[in-house]
Amino acid sequence: MGKTKVTPAVAELKIESSAEYRQLPLDQIQADPNQPRTFYDETSMNELLGSIREKGVIQPVLVRPIGENYIIVCGERRYRASVSLMKEDATRNTIPAIIREISDEEALELQIIENLQRKDVHPMEEAVAFKSLLEQKKWTVEEIGHRVGKKDFFVRQRLKLNELTREFQHLFFHNAINLSDALQLAILPFSTQKEVYTGRDLTESTKYFRVDDWMLRQFKGDLVKAPFDITDPKLSPDFGSCIGCKYNSATSALFPDDVKSPRCLMISDYKLKSENYFAREFENAKEDPTVLLVSSSYGGSDLQAKLIKQGLNVLCQYKDYEEISEPEIPDYKDFYDDNFDEDDEDYDTEEKIKFLFEKEQEEYISDKSEYDQKIATGKFKKAFVIDGNEPGKFIYVTVKKGAATKNTGTQGSSVQEDSEIESINSEIDGIKQRTKRAAELDDEKVWARIYNEILPQKDLINGDTLSKIDKAAHILAMKKHLGYTATDQFKKIFGTTDEKKLIEVLKNATPEQENQVTRLFTLQSLKAATGSHSRNSDLMVIKLQAEQYHSEKIQAIESEQKEKRDKREERANGRIKSLQLKKKELVKPVAAKKSKKPF
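Treat the numbers as computed from the prediction; the structure is a model and nothing was measured.

As for the overall build of the chain
In step 1: Counting its secondary structure elements, the chain contains 23 helices and twelve strands.
In step 2: In the chain, which comprises 599 residues, the proportion classed as buried is 39%.
In step 3: Long-range contacts, defined here as pairs at least 24 residues apart, represent 71% of the contacts in the chain between residues at least 6 apart.
In step 4: Put simply, the chain shows about 36,100 Å² of open surface, and 49% of that area lies on carbon and sulfur atoms.

In structure tokens form, the structure reads like this:
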């Protein structure tokens, strides 16, 4: 077998000295059954065939010997086009080829790299190639990304495309589906994809398949608004808890929103959990005399009619009750985005936004306190939703005047509140709220005196060394001035931003972590740390810092304030006891009147 000199036209293949260049008969060559490339575009294949018909095969294929024949390693498109041309002209029965001894593993890697280096490589081809590297070469996602010069997230997205059904892979490769829609489909189970695809004709390869949110919502369960406890493993014997489930879109998020708004991709299991949860909680609601049954369906529902026939009272939305929403915890990022625009002079500065956000938080605390108070006094009543968009959900409602709340079934009958008793309840609750607020003010007064009397002491400012508490304080002071993005980095460094955990974490900070802030930064931040949120961990660590040098003075301040608080609470408790006795006397005749039987 003679050797032929390699021409410059094929030098780019980097042929080793052991390689041989020849014109091989096409009938001695076969395609590789393990070739990772499975998609071939018909249009581009016809264009290649026309080029070879006119100019021949310019670049040789790479083959390896198998017995007396050969198997294609690289250049399968050229080989396929040449075979097609031979059917037109039997004389064109050879192809230029480089013959090299190559192992199965080396052949696979060459085939994959060749496919990935093409300019027109399709995402579906990348997906198949990455899967081959993952399964056959045993490369990790990180290794694949490094070898092909792509980010890990890019590789994971491409790998997910392999989970498309064959029908959708076909449509995607022929550009009948865009990449974004293909990824949306790929996260769905095969059974769901088949349901989505129902009625599509594979022969219509050029027909665009539109994927819209409305269609996908039918096959996804919203885990944020799920009527059931997503951590409960008992609601589904097959899938268990939603946390960490492979069908939870947040488990292997392909889209940024998947983390904040996770979805259940196994809709049949989502429905099963909803049904099991509803059945369990419905029985509990019927047995609880404090819980009302309500219908949120406009005009009522079949279930509502059935329950009424059973003697259970079901309140109708709009007619009998109004749902009360719990105050929403303010989110700084959303607040910041709504109020800041560096290119708009009319927008607020960052400093003012922080000030306004603090006011927003104070309003939330006030609204939440009022909300909790009305639940405690019975003005807001707990209710179980039997139908509508959120069956199985517990809500709080206000019952409209004239609406019946008495059931003749297993639900207990409600007692009409006497106006004077309700007034007493409100006064008692008001005393408790004022007493609680006074206690919070006690802490603020203690912090104010520590700040004005203790912290200015010379030894606190000019100490020779920083203690662990000093360092914890100045790291925490830095945190209070971090923006939204920097707070995420803070969490990466220390492992948490949880107020309850931070003190111990920061007390054991490493020297590298401690060097991120300075003591001066801490002292500048202390005044901002004092205020209405007196039980936050920042104030607690400031107190610990001061106690190192002036523990006796601080104890005296606290004792003085505690004495005032004790006297105040003693007076408040006395007033509450007096009111409760008055309430007891009022309740007796009301109860006697309700229990009196007719002649």
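After that view of the structure, there is still more to cover.
Quick look at the sheet that holds strand β2 (residues 29–30)
In step 1: As summarised here, the arrangement of the five strands in space is β1-β5-β3-β4-β2, forming an open sheet in which the pairing is mixed. The open sheet is flanked by β1 (20–25) and β2, the only strands paired with a single partner.
In step 2: Here β2 pairs with strand β4 (residues 69–74) via two bridges, running parallel. Within β4, the position partnered with Ile29 by the bridge is Tyr70.
In step 3: In this fold helix α2 (residues 76–88) packs onto β2, β3 (61–66), β4 and β5 (94–99), with an angle of close to 125° to the strand it touches most, β4.
In step 4: Sheet contacts for helix α3 (residues 104–116): β3 and β4; angle to β4, the most-contacted strand, approximately 45°.

Considerations on helix α4 (residues 123–135)
In step 1: Between its first and last C-alpha atoms α4 spans 18 Å; for 13 residues at 1.5 Å apiece the expected length is 18 Å, and the two agree.
In step 2: Most of α4 is tucked away: ten of the 13 residues are buried.
In step 3: The complete set of buried residues in α4 reads Pro123, Met124, Glu125, Glu126, Ala127, Val128, Ala129, Phe130, Ser132 and Leu133.
In step 4: Turning to α4, the residues buried within the fold contact α3, α5 (141–148), α6 (152–160), α7 (166–173) and α8 (179–186).

Some thoughts on the packing of α4 against α6
In step 1: Here α4 crosses α6 at 100°, and the two axes come no closer than 8 Å. Here α4 is positioned roughly perpendicular relative to α6, judged by the angle of their axes. Judged by residue contacts, Pro123, Glu126, Ala127, Phe130, Lys131 and Leu134 of α4 engage Phe154, Val155, Arg158 and Leu159 from α6.

Some thoughts on the sheet that holds strand β10 (residues 321–324)
In step 1: Spatially, five strands are ordered β9-β8-β11-β12-β10 in an open sheet, and the strand pairing comes out mixed. Across the chains shown, the open sheet's two edge strands, defined by having one partner strand only, are β9 (314–316) and β10. Neighbour-to-neighbour, the strand axes of this sheet turn through a mean angle of 50°, independent of strand direction.
In step 2: Bridging between strand β8 (residues 292–295) and strand β11 (residues 381–385) involves three bridges; their strand directions are parallel. Note that in β11 the partner of Leu293 across the bridge is Phe384.

Thoughts on the environment of Asp429
In step 1: In this fold, Asp429 is placed in helix α16 (residues 419–454).
In step 2: Look at Asp429 and you get buried, because its relative accessible area is 11%.
In step 3: Separated by 53 residues in sequence, Asp429 and Ala376 have C-alpha atoms that sit 8.7 Å apart.
In step 4: If near-sequence neighbours (up to four positions away) are discounted, Asp429 is found in contact with Gln373 and Thr377.

Structural notes on a negative patch on the surface
In step 1: On the surface, Glu358, Glu360, Glu362, Glu363 and Asp367 cluster together to form a negatively charged patch.
In step 2: Take Glu362: it is sitting in helix α15 (residues 350–376).

Focus: the nonpolar core
In step 1: Counting 35 residues, the largest nonpolar core has Met124, Leu161, Leu164, Phe168 and Leu185 as its most contacted members.
In step 2: Those residues in contact with Leu161 that sit more than four places away from it in its chain are Pro123, Met124, Ala127, Gln169, Phe172, Leu179, Ala182, Leu183 and Ala186.
In step 3: Grouped together as the second largest cluster of nonpolar side chains are 17 residues, Val57, Leu85, Ile95 and Ala97 included.

What about the packing of aromatic side chains?
In step 1: Following the criterion strictly, the structure yields 13 aromatic pairs and no others.
In step 2: Each ring, one from Phe228 and one from Tyr270, has its centre 5.3 Å from the other, and the planes form 65°; the classification is edge-to-face. Taken together, the residues Phe228 in the loop between β6 (221–222) and α11 (257–260) and Tyr270 in helix α12 (residues 267–287) connect sequence positions 42 residues apart.
In step 3: Taking the relative accessible area as the measure of exposure, Tyr270 reaches 12% and is therefore buried.

Overview of the pattern of salt bridges
In step 1: Tallying each qualifying case throughout the model produces 17 salt bridges.
In step 2: Among the salt bridges present, the one from Arg565 reaches Asp442, with a minimum N-O distance of 3.3 Å. Of this pair, Arg565 sits in helix α23 (residues 537–595) while Asp442 sits in helix α16; the two residues are 123 residues apart in sequence, bridging distant segments of the chain.
In step 3: The salt bridge involving Glu563 is made with Lys567; its shortest N-O contact spans 3.8 Å.

Cut-offs applied
Residues numbered from 1 in each chain as written. Predicted model: local features only at pLDDT ≥ 70, side-chain atom pairs only at ≥ 80, totals over all residues. Heavy atoms only, no water. Helix = DSSP H or I, 4+ residues; strand = E, 2+ residues; numbered from the N terminus. Buried < 20%, exposed > 50% of the residue type's maximum accessible area, 1.4 Å probe, protein only. Contact = heavy atoms within 4.5 Å. Areas by Shrake-Rupley, 256 points an atom, 1.4 Å probe, with all protein chains shown as cover. Pairing = 2+ DSSP bridges. Axes fitted to C-alpha atoms, helices over the stretch in contact; angles between N-to-C directions. Expected span 1.5 Å × (residues − 1). Parallel < 35°, antiparallel > 145°, perpendicular 65-115°, else oblique. Patch = residues over 30% accessible without salt bridge, like charges linked within 9 Å, V, L, I, M, F, W, Y side chains within 5 Å. Salt bridge = Lys/Arg side-chain N within 4 Å of Asp/Glu carboxyl O. Lys, Arg positive; Asp, Glu negative; His and termini not counted. Charge placed at Lys NZ, Arg CZ, Asp CG, Glu CD. Core = buried A, V, L, I, M, F, W, Y, C linked by side-chain atoms within 4.5 Å. Phe/Tyr/Trp six-rings, centres within 6.5 Å; stacked < 30°, edge-to-face > 60°.

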